[in-house]
Structure formats: C-alpha cells, structure tokens
Amino acid sequence: MAENVKVIVRCRPMNKREIDLNCKCIIKMRDCTTEIWDPNDGPSLPKSFTFDSVYGQNSCTETIYNDICYPLVESVLEGYNSTIFVYGQTGCGKSFTMEGSRAIQDKGVISRAFEHIFEAISVTTGVKYLALASYLEIYNEQIRDLLLPANKISYNNSLSLKELPNEGLVVPGLTMKPVHNVPECEELLNIGSRNRIIGSTLMNQASSRSHSIFTISIEQISSENNNESIKKGKLNLVDLAGSERQSKTGATGDRLKEATKINLSLSALGNVISALVDGKAKHIPYRDSKLTRLLQDSLGGNTRTLMIACISPSSRDYDETLSTLRYANRAKNIHNKPKINEDPKDTMLRQYQLEIERLKQLLESRQSTPLRVEDLTLQPEVIESPQSENCKDLDAQRDRLIEKYETEMAKLKDLHESEKNEKETILKQIESIKEEYRRNIEALNEQMCRKEEVKIASKQEILKRIEILKASMIGGEKANDKELSEKRKKKKLAAERRLSAIAHILAKIEMNEDREILQNQYKDISHELEQKSDILRRYRYKVRALEKEIKDLQSEFETEREDYLETIRKQDMNIKLLSQISEKLAENMKKECNYRDLETVKEQAVWLEDSQKFKLPELVVHRTKLPPAGRYSDIQTAPARLDSSEEESDGIFLNKVVANLTPTTLPAIP
C-alpha cells in the first residue's frame, strides 16, 4: 500500500544574536499551517504552507516524538523499514532535534527511539530479537565509519557503496555492533558523535560538517504452530548538514570546501525529490550523490519516511526559511511503498540459528570413548582397536612397533637356537628392547591423554560460542512487568488518537478551501453584489500572492544560480592552479619518466566508481646505471677529470715557455 512521505515543520526560538540585531519574527503557525511573509512587505501578504503537523518556538522534542515519530518507530518492530531525517539551513536546531542535550527533558529523537525499541522488546513474549547498530557519516562525499577508534578514522580509509542482488545497497566493511539495551546504544552514539566532524562558522559555533546516519536493525524470530517466521525492520536516523551561503557563514579554506560539498549533496537530494514528485520524469538521479544513494529506499522505496524541516523565525533568514518550506512542501508529495520484510535472506539472526545448530551437531558427533595402548609384553593376546578417527595415526604407530618387536624377537630366537653360547648377551639385548618398547608405549599413552584434553577444551569453546550467540538475542526480559506493559499500551493508543486528530485537522483545512458559490441563492441584488465583491477580492489577493511567488522564485533561482556560478569559478581557479603546478613539476622531470607527458597519464587514468577516485598509472623512473666494481683504471671521476685537464693545460703552457727560451737562459740540469 502506497503512502506519502510525512513532513512536519519545527521553528526554533530567536537566538541572542538575532535579538541583539532587532530581527523581526516572520513565522506564524496554527493547526497544520505555516505562514511566512517577506520582511520588506510585512504580514499583509503571507505565503501559506500546509504540512502533516507544525511546532512553534516553544515546542519540545518529547511532543514531536509522541505525536509523529512514535508510530513510525513502532512499525520497525512490525518488520517495516523507517527513516527519520531533519533538513534545514545551518543553525536551525537539526542536531538538537536528533541528538538533544544531556537534560532528560531535552532528549533527542535518537535517544527516545532507543528507549521505545528496547521497552517494546522487553515486554514482548514468544519472540526473540537481534538488534544491530551502525553509525556512519558522509564527509566531503566520503563515507566514514564513526564506530572505529579515533586513530583509525582518516580521510583515506573511506568506505564504498555496493549493490548486491539479495541485500540491496550495502556498505562493505561498516561496523555492525550487537546491542542489548539503551546504555549500549547511547555509548555508541556518544562514540560516533565525538568522532564526527564539526566546525565553527559565523552562523553556528558547532556546525555539523557532514551528514550522519545512525542505523539500528531489528531482526525477530517467532514460532507459531511449529513454523518459524523471521522479520527484519530497519530504522535510519539521519542528521543532515545544513545548507549555507558563504556570504553569511564567512567560510574559507576547508570550511568553504566542506560547504560546497554539503550544498552539492543537498542540491542532488532536491533534484531527486523534484524528479519523484514530477510524474513525467523517466530517470531519478539517485547516483548523483552518496547521500541520495543511501536514502534511495527512503525516497520512493520500501520505507516509511518522516522529514522534519527545521526553520528560523528571524527576518534575517527569510530566503533560507522560504527555501526550506518549499523544499519540504515538495517532499510531502513523494509516494513510498512500504512493506513488511518477511523471511529476508540477509538476516544475521538466521545465520546465528544455523551456527548454533551446526555447533550442537558437532558436539553430538564428538561423543568418543577413552583409548589406552596396552603393554603387549604383559598381555600379548589382547589388542584393542580404536574407534575414534582421531587415533588412526597412533594406531598405525602401535602396529609398526608390534611388527618391529615380533621381527626382533624372531631374529633373537633364531640366534638363540644357533648360538647357545651367547645366551647371556642375547638376554641383555632382549631386556633392552623390552625397555625401549615400554618407553614408546608410555609416550603414546601420554600423547593420547593430551589429545583428550584438547577435545575437552574444544568442547568448552563450542559451548561458550553457543552461549555468546544466545546472549546476543534479546526479548521478554520484563514480560511479567504489568505496569510497563500497560504504560506501553497507553502510549500506543495515545499515538493513534493523535494521528486521528491530525488527520481530522488536515481534512478540515482541505474542506475549507475554495468553495463554489451556489447560483440563485441570493436574497437580493445588494447581497449578490456583496458576495461577488468578496469573491473578487479573494481572487485578486490570490493573483497578487501568485505574482509575488513568481518574483520570489525568480529571485531564488538567480541567487542559487549566482552561488553555483561562484562555486564553478572557484573550482575552475583551483583546477588551473593545480594544472600549472603539475605542468611545472612535469617540466623538471627526467625525459625517461612517464609522468613527464601529462596527456598520456590522463589517457591511462581510469575512473573507479566505488571509491570515486582515479586509478593512475604507476610511476616509472629509469635509474642511472652505475659501472661495475673493480674497473677504476678506465673510469675517472669528475675531480679526476678536472685534475687531468689542469695538468694538460699546464703542460701546454710549459712547452710554449720552453720554446721561447734560448739555450743560454736554460738552467743547468743537475
């Protein structure tokens, strides 16, 4: 059965900076409607948006969770996939909504979902659950595992995405931790939050610089009429980084690069939403971003989805708030097709069950009898044959010893009959052979005892593994707590009543929209004039609102266009800089090096879709060959060549001097 993405809006209170700047409040909320007006025009011409629910500046996360999130998380325990994600500009309270603060009353959606899930599991009877948690972030279009130790998380250790036939989209190598209670989940959330990348901007001192997804997978197995049924539900809790403009955040360097990547991924998400809403679109651009690929099932797929749009009430953020409301208004028209995931092939619970059965069978097959090797010198007629396959080698050694013993005895008997005079010597040899045989028998018995000890240790390890696997399964720990069960039932009924009330309000809003005026139902001509004048005023108001909407859309388009053009200009400048640097480096390389020709390197480079990187050819450097050792007479080093050239020039100079001298001027040679 198809259902639309649910969308709610939450407005944060004014912050100190906005109050100091005397910013005006441009947001008004009532029932399920949000109104916003341009601070330049005033509240006379507001824009109105209708959502599944709206929450003003004084709202608390507990109310939002009980009203909207509770039924969504409850469906995960029934085998559905669910996603809750927050969207909005930076500094609008997205992380506060999802993660909350340490105060009990300010707990976030994620912490409340933990309590909800494990409370439901603890009071359920006849069902066993396996809960697995993972936490990742998308930073600069790179997927990072937040549950790894901090020293192992780096930009180079990014994970890839793969689509498998039976499992769908998976992240190979992502840490999946079994969890048994709320404290364990909170600990994982704290570890991931510490590892997540945040930065300071002019709009937010602790701005999230990445998109994060905390996933908790609930697998359950139940038996009815001796038939086992396995279901698997998955809850994705997504905290998106905020869209931002460089002119307001003052981002530079790494912050600017992060903002560019964030805006590009959010733009890709907007394109996906637009394509899903537009019934004529033949292609949905999920592959344009890692974020849209991970949310592929949540937007138009097998998932129940809730979008929480966080906005600012300040007149300073009018453009961003209006953009967020339009974004959310489009998202509510997306159709999903959620279904219960019954008997899936990729459940860990099924693998645990199979492993427990295999270990039990292994234990049953290891029921063996104790084995001893008897001394054949005392009881030569009794030979026990081992039953265990593990003792075949020992049995063969014993047979060889027996055969050797009998052969030696036969030789000695023949020798005894032929040489009686050497009887004493032969008896000594017999005693020495018996002693050697006895030592070998004792060594074999010790070896068998050690093997039995190894078997016992192996059995203990198998039993320990079975206990670990069974301990991973949870459910029914507080099944006898009637007070907790009643509390859970009341919460469920209250959530159903709230959903009915919201549906009633939405239906009432739709009914009160434009109604046709009945003809010939006027009292007199003045009454008809009054009614039609009122209709004319309303339609004039609508025309003015639509004209203003067109101008706003054009202005928003121009603003986004300028942002994109500025991003393109900066990227182009960066590319030119890197190109000039690479050309300068290539010119100074040796002619034999393959990286001297950059065009050839570009042709040989291969794009890898999974890692989103180029695979470059190996660097080939031709080393200068040194001459073989031992040939010093034929080789002259640079200093030696210099000395020899100086000697030659000195010799030429001396010859000229000597030629100009007369014999009388020449000194006598001693």
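Procedures and definitions
Residues numbered from 1 in each chain as written. Predicted model: local features only at pLDDT ≥ 70, side-chain atom pairs only at ≥ 80, totals over all residues. Heavy atoms only, no water. Core = buried A, V, L, I, M, F, W, Y, C linked by side-chain atoms within 4.5 Å. Buried < 20%, exposed > 50% of the residue type's maximum accessible area, 1.4 Å probe, protein only. Salt bridge = Lys/Arg side-chain N within 4 Å of Asp/Glu carboxyl O. Helix = DSSP H or I, 4+ residues; strand = E, 2+ residues; numbered from the N terminus. pLDDT = per-residue confidence, 0-100. Contact = heavy atoms within 4.5 Å. Axes fitted to C-alpha atoms, helices over the stretch in contact; angles between N-to-C directions. Parallel < 35°, antiparallel > 145°, perpendicular 65-115°, else oblique. Nonpolar A, V, L, I, M, F, W, Y, C, P; charged D, E, K, R; others polar. Bend = angle between axes of the 7 residues up to and from the residue. Phe/Tyr/Trp six-rings, centres within 6.5 Å; stacked < 30°, edge-to-face > 60°. Lys NZ or Arg CZ within 6 Å of the ring centre and 35° of its normal. Polar contact = N/O pair within 3.5 Å; in protein donor to acceptor, adjacent residues only side chain to side chain.

1. So, the nonpolar core
Then comes step 1: Of all hydrophobic cores here, the largest spans 47 residues; its most connected members are I84, I117 and F118.
Then comes step 2: Counting residues in each nonpolar core, the second largest holds 43 residues, with V7, I26, L136 and L291 among its members.

2. Section: the pattern of salt bridges
Then comes step 1: For the coordinates displayed, the defined rule picks out 17 salt bridges.
Then comes step 2: When the shortest N-O distance is used, the salt bridge between R12 and D317 registers 3.8 Å. Of this pair, R12 sits in the loop between β2 (6-11) and α1 (16-20) while D317 sits in the loop between β17 (304-311) and α9 (318-331), and the two are 305 residues apart along the sequence.
Then comes step 3: Residue R12 is classed as buried on the basis of its relative accessible area, which comes to 14%.
Then comes step 4: Through salt bridges with shared partners, a single ionic network connects R12, E18 and D317.

3. Quick word on the confidence of the model for the chain
Then comes step 1: Of the residues in the chain, 74% have a pLDDT of 70 or more, and the chain-wide mean is 76.
Then comes step 2: Throughout residues 368-387 the model reports pLDDT below 50, and contacts reaching past four residues in sequence, or to other chains, amount to 32 contacts.

4. Notes on the packing of α9 against helix α14 (residues 525-587)
Then comes step 1: Where α9 contacts α14, the axes come no closer than 12 Å and their chain directions differ by 105 degrees. Put simply, α9 runs roughly perpendicular to α14. Side by side, α9 and α14 meet where Y318, L322, S323 and R326 of the first sit next to K548, E549, D552, L553, E556 and E560 of the second.
Then comes step 2: For the contact of α9 with α14, the class distribution of residues is three nonpolar, one polar and six charged.

5. Focus: helix α2 (residues 61-76)
Along an α-helix, residues three or four positions apart point the same way, because every turn accommodates 3.6 residues.
Then comes step 1: Taking the largest bend as the criterion, α2 deviates by roughly 55 degrees, centred on C69, and proline P71 comes between one and four positions later.
Then comes step 2: When we look at burial in α2, the residues that qualify are T61, I64, Y65, D67, I68, C69, Y70, L72, V73, E74, S75 and V76.

6. Some details on the packing of aromatic side chains
Then comes step 1: For the structure on display, the rule yields six aromatic pairs.
Then comes step 2: Residues W607 and F614 carry aromatic rings whose centres are separated by 5.0 Å and whose planes lie at 65 degrees to one another, so their mutual orientation is edge-to-face.
Then comes step 3: We classify W607 as partly exposed; its relative accessible area is 39%.
Then comes step 4: Among the aromatic residues, ring-to-ring pairing joins F114, Y135 and F214 into one connected group.
Then comes step 5: If you follow R304 out to its NZ or CZ, it ends over the ring of Y80, 4.2 Å from the centre.
Then comes step 6: Geometry around F51 places K332 over its ring, the cationic atom sitting 5.6 Å from the centre.

7. Considerations on the environment of D145
Then comes step 1: Inspection of the secondary structure puts D145 in strand β9 (residues 142-145).
Then comes step 2: Considered as a pair, D145 and S134 are 11 residues apart in the sequence and their alpha carbons are 8.2 Å apart.
Then comes step 3: Only 3.1 Å separates the side chain of D145 from the backbone nitrogen of L147, close enough to count as a polar contact.
Then comes step 4: Only 2.5 Å separates the side chain of D145 from the side chain of T175, close enough to count as a polar contact.

8. A short note on the environment of M307
Then comes step 1: Its location among the elements puts M307 in strand β17.
Then comes step 2: The buried category is assigned to M307, whose relative accessible area is 0%.
Then comes step 3: Spatially, the C-alpha atoms of M307 and I8 are 6.4 Å apart, while their sequence positions differ by 299 residues.

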